[in-house]
Number of protein chains: 2
Amino acid sequence: MAPSAHLKSYGQRALKQTNPAAILLLETMERKKTNLAVSVDVTTSADFLTIVDAVGPFVCLIKTHIDILEDFEYSLIERLENLSLKHDFLIFEDRKFADIGNTVAHQYSSGVYKIARWSHLTNAHPVPGPSIIKGLASVGLPVGRGLLLLAEMSTKGSLATGTYTEDAVRMARLNRDFVVGFIAQHRMDGIGAAPDEDVTDEDFLVLTPGVGLDSKGDAMGQQYRTPEEVILDSGCDVIIVGRGVYGTDLKATAAIVARAERYMAEGWAAYLRRLV
Amino acid sequence: MAPSAHLKSYGQRALKQTNPAAILLLETMERKKTNLAVSVDVTTSADFLTIVDAVGPFVCLIKTHIDILEDFEYSLIERLENLSLKHDFLIFEDRKFADIGNTVAHQYSSGVYKIARWSHLTNAHPVPGPSIIKGLASVGLPVGRGLLLLAEMSTKGSLATGTYTEDAVRMARLNRDFVVGFIAQHRMDGIGAAPDEDVTDEDFLVLTPGVGLDSKGDAMGQQYRTPEEVILDSGCDVIIVGRGVYGTDLKATAAIVARAERYMAEGWAAYLRRLV
């Protein structure tokens with residue numbers, strides 16, 4: 001039987017997870033009735049905090065690229081955490097770790113950003129092999145963090161396909177305490193499993209970037225799909241939207257709020273339609 | 001005929017390169033008679049600068065993980081650049097960029113670290129597809145920087161093998177103005193080329209991590225090969241050594257200098273034996 005855990009509600013699925021960050025995320029989605037994550041890819045702390053505060057009520061998760069902020073100071077993290085409590089969302093630093101175990105352990109725990117201290121979820125490329133998970137888990141597992149593997153990418157000409165994707169899922173399956181799911185374009189449950197392996201109840205979270213309602217791509221190779229395609233057709237769990245929500249006028253808060261509400265509604269409607 | 005440009009001297013090869021960073025590196029190697037790069041993976045600025053100053057005379061390149069320094073301030077960069085001039089070496093921030101084009105352009109140019117301002121070389125995983133090169137080149141090419149692609153990794157269970165490696169080399173070949181070579185374990189010239197493609201004169205630089213004289217690996221999946229295996233047997237150009245040079249006692253400068261001299265001598269001897 002093909003895995004179908006994702007046809008249950010987010011709340012029911014939270015009961016079967018073991019990783020604290022995965023449980024928190026699913027519970028938050030159920031409670032707030034949203035599967036929207038906003039990726040806040042701006043370069044000043046002021047714009048960053050304004051947008052997070054504006055979209056906070058509508059999201060389960062804020063995705064950051066903390067290393068593109070020109071004027072980063074560690075006090076920003078405290079303000080981000082306050083907004084996370086105020087609006088009830090989790091934080092996901094989209095670091096895309098991609099080095100050997102010893103190096104990623106340092107990059108995750110220390111340096112200027114100290115990502116493991118404040119980011120409930122982070123992600124990594126499986127390309128270095130299992131040592132990257134071991135290195136990150138040595139830091140994140142003791143403090144209840146979760147990891148997403150990049151099993152696929154939404155860019156043109158991505159090399160994360162075929163056996164690469166299968167190997168990524170196998171790596172995740174062997175590290176289920178820490179790897180809670182994938183950055184991917186469709187469900188990964190059962191992929192790469194041996195014929196005699198029972199994966200019926202497998203339930204990896206799938207967070208999906210490259211979601212847009214009005215645009216088909218950008219000049220740098222990004223490609224877009226709609227919330228319905230992602231949630232209903234492909235069975236993903238979280239839609240990640242960036243510029244589609246915060247737009248080009250970063251001061252136009254009312255418009256940003258309106259777009260966040262729209263994506264939240266579209267994502268949730270697609271989810272309700274897939275429930276059995 | 002198989003590509004064999006690497007059997008010529010570093011100085012002769014500099015004449016055939018077009019990228020300014022590649023030319024600088026090869027000229028530096030020829031002038032200083034060293035193919036040693038030291039990877040300075042320590043977590044305080046004081047240790048970092050002490051080690052760079054100690055090994056500077058023996059290296060063509062210093063490899064950094066700038067984001068693991070606990071007490072990073074931008075003034076460190078100026079001190080690193082002063083050491084680079086004092087000792088005549090290039091700088092390679094081992095950032096392992098691995099995101100979509102628009103994001104890596106921000107990560108490379110701005111944020112706290114402003115890598116493109118000071119790092120002659122950086123590197124990227126090819127997994128997102130060609131957009132990552134386009135994004136980085138938009139920042140690095142106008143200021144004379146060069147990019148290395150991670151075509152292989154030295155860790156156990158790496159997914160950078162087979163068609164992945166071939167795709168990486170094809171991607172590099174199409175972006176020869178900016179991609180100067182690879183992080184890899186052997187030469188990549190000609191790999192993935194079409195049967196009718198003339199790659200006789202192809203000359204990608206190959207920089208090779210995982211080099212050690214006394215140790216076979218660490219607990220986090222890193223594996224080691226000797227300078228002779230890397231330079232003579234596999235035809236690589238630069239040996240990258242970390243803890244094998246700076247050791248565990250970061251204050252023992254004389255011992256660090258002695259180890260740097262030893263790796264420099266071993267690497268150069270292997271190079272001299274492969275010249276035709």
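Computed from a predicted structure; not experimentally measured.

Chemist: I tried to follow the overall build of chain A on my own but got confused; where do I start?
Modeler: For chain A, the count of helices and strands is 11 helices and 8 strands. In terms of C-alpha radius of gyration, chain A reaches 18 Å, essentially the compact-globule figure of 19 Å for 276 residues. Expressed along its principal axes, the backbone C-alpha trace of chain A runs to roughly 55 × 45 × 40 Å. Going through the 276 residues of chain A one by one, you find that 62% of them count as buried. For chain A, contacts bridging at least 24 residues in sequence account for 73% of all contacts bridging at least 6. The average position of the 28 basic charges and that of the 35 acidic charges among the side chains of chain A differ by 2 Å.

Chemist: Quick question: what am I supposed to make of the UniProt feature "active site" (unreviewed entry) in chain A here?
Modeler: When the UniProt feature table is mapped to this numbering, "active site" (unreviewed entry) covers Asp94, Lys96 and Asp99 of chain A. For Asp94 of chain A, the location among the structural elements is in strand β3 (residues 90-97). Leaving out residues up to four positions away in the same chain, Asp94 of chain A has contacts with Lys63, Thr64, His65 and Asn123 of chain A together with Asp99 of chain B. As for its position among the elements, Lys96 of chain A is in strand β3. Classification of Lys96 of chain A as buried rests on a relative accessible area of 7%. Among the polar contacts made by the side chain of Lys96 of chain A, one reaches the side chain of Asp94 of chain A at a distance of 2.8 Å.

Chemist: Looking at this model, I keep getting lost on the environment of Cys236 of chain B. Mind explaining?
Modeler: Residues and elements named next belong to chain B. With respect to the secondary-structure elements, Cys236 resides in the loop between α9 (227-233) and β8 (238-241). Classification of Cys236 as buried rests on a relative accessible area of 0%. Sequence separation between Cys236 and Ala37 is 199 residues, and the spatial gap between their C-alpha atoms is 13 Å. With near-sequence residues (within four places) excluded, Cys236 lies in contact with Ala184, Gln185, His186, Val206, Thr208, Val230, Ile231 and Arg274.

Chemist: Would you mind going over the relation of the copies chain A and chain B with me for this structure?
Modeler: Copy one and copy two of the chain differ by a rotation about a common axis and a shift along it. For these two chains of identical sequence, chain A goes onto chain B by a turn of 180° and a shift of 0.0 Å along the axis, with RMSD 0.0 Å. Between the two chains, the operation in question is that of a two-fold axis. Across chain A, the smallest distance between a C-alpha and the rotation axis is recorded for Ala98 of chain A, namely 3.6 Å. Both copies present the same face, since 100% of the interface residues in chain A are matched by interface residues at the equivalent positions in chain B.

Chemist: Explanation requested: the confidence of the model for chain A in the structure shown.
Modeler: Any region with low pLDDT has predicted coordinates that should not be read closely. Mean pLDDT over chain A stands at 95; residues scoring 70 or higher make up 97%. Here the complex is predicted with pTM 0.95, and the ipTM for its interfaces comes to 0.94.

Chemist: Please clarify how the UniProt feature "binding site: substrate" (unreviewed entry) in chain A should be interpreted in this entry.
Modeler: Residues and elements named next belong to chain A. Sequence positions flagged by UniProt for "binding site: substrate" (unreviewed entry) are, in local numbering, Asp41, Lys63, Ser154, Gln222, Gly242 and Arg243. Turning to its location among the elements, Lys63 is positioned in strand β2 (residues 61-64). Given the relative accessible area of 6%, Lys63 is considered buried. Those residues in contact with Lys63 that lie beyond four places of it in its chain are Val38, Ser39, Val40, Phe92, Asp94 and Ile240. Among the polar contacts listed, one links the side chain of Lys63 to the side chain of Ser39, at a separation of 3.0 Å. Looking at where Arg243 falls in the secondary structure, it is placed in helix α10 (residues 243-246).

Chemist: Is there a simple way to explain the sheet that holds β2 of chain A in this structure?
Modeler: In any sheet, the strands associate via hydrogen bonds between backbone groups, in a parallel or an antiparallel arrangement. Residue and element names in this part refer to chain A. As summarised here, the arrangement of the 8 strands in space is β1-β2-β3-β4-β5-β6-β7-β8, forming a closed barrel in which the pairing is parallel. On average, each strand axis in the sheet is inclined to that of its neighbour by 30°, with strand direction left out of account. Strand direction decides the pairing type here: strand β1 (residues 36-40) and β2, joined by 4 bridges, are parallel. For Val38, the partnering residue across the bridge sits in β2 and is Ile62. On the sheet, helix α2 (residues 20-32) packs against β2, β3, β4 (121-124), β5 (146-150), β6 (179-183), β7 (205-208) and β8 (238-241) and is oriented at approximately 130° with respect to β3. Packing against the sheet, helix α3 (residues 45-55) makes contact with β1 and β2, and its axis sits at approximately 170° to β1.

Chemist: Sorry if this is basic, but what is going on with helix α4 (residues 75-87) of chain A here?
Modeler: All names here are of chain A. For α4, spanning 13 residues, the distance from its first C-alpha to its last is 19 Å, which sits close to the expected 18 Å at 1.5 Å a residue. Along α4, the residues that are buried comprise Leu76, Ile77, Leu80, Leu83, Ser84 and His87. Buried residues along α4 cover an arc of 120° about the axis, so they all sit on one side. Facing away from the buried side of α4, by more than 90 degrees, are the exposed residues Glu78, Arg79, Leu85 and Lys86. The inward-facing, buried residues of α4 contact α2, α3, β2, β3 and α6 (115-118). In the stretch just after α4, Asp88 is the one whose phi turns positive, near 65°.

Chemist: Hey, could you run me through the state of the cysteines in this one?
Modeler: Working definition: the covalent bond between the sulfur atoms of two cysteines is a disulfide. In this structure the tally under the stated criterion is 0 disulfides over all chains. Just so you know, Cys236 of chain A is unpaired, no disulfide at all, and the nearest cysteine sulfur is the one on Cys60 of chain A, 13 Å from it.

Cut-offs used in this document
- Residues numbered from 1 in each chain as written.
- Chains lettered and ligands numbered in written order.
- Predicted model: local features only at pLDDT ≥ 70, side-chain atom pairs only at ≥ 80, totals over all residues.
- Heavy atoms only, no water.
- Helix = DSSP H or I, 4+ residues; strand = E, 2+ residues; numbered from the N terminus.
- Rg over C-alpha atoms; globule rule 2.2 N^0.38 Å.
- Buried < 20%, exposed > 50% of the residue type's maximum accessible area, 1.4 Å probe, protein only.
- Contact = heavy atoms within 4.5 Å.
- Lys, Arg positive; Asp, Glu negative; His and termini not counted.
- Charge placed at Lys NZ, Arg CZ, Asp CG, Glu CD.
- UniProt positions renumbered as here; feature names shortened; annotations may be inferred.
- Polar contact = N/O pair within 3.5 Å; in protein donor to acceptor, adjacent residues only side chain to side chain.
- Least-squares fit on C-alpha atoms with pLDDT ≥ 70 in both.
- pLDDT = per-residue confidence, 0-100.
- Pairing = 2+ DSSP bridges.
- Axes fitted to C-alpha atoms, helices over the stretch in contact; angles between N-to-C directions.
- Expected span 1.5 Å × (residues − 1).
- Arc of directions from axis to C-beta.
- Disulfide = S-S within 2.5 Å.

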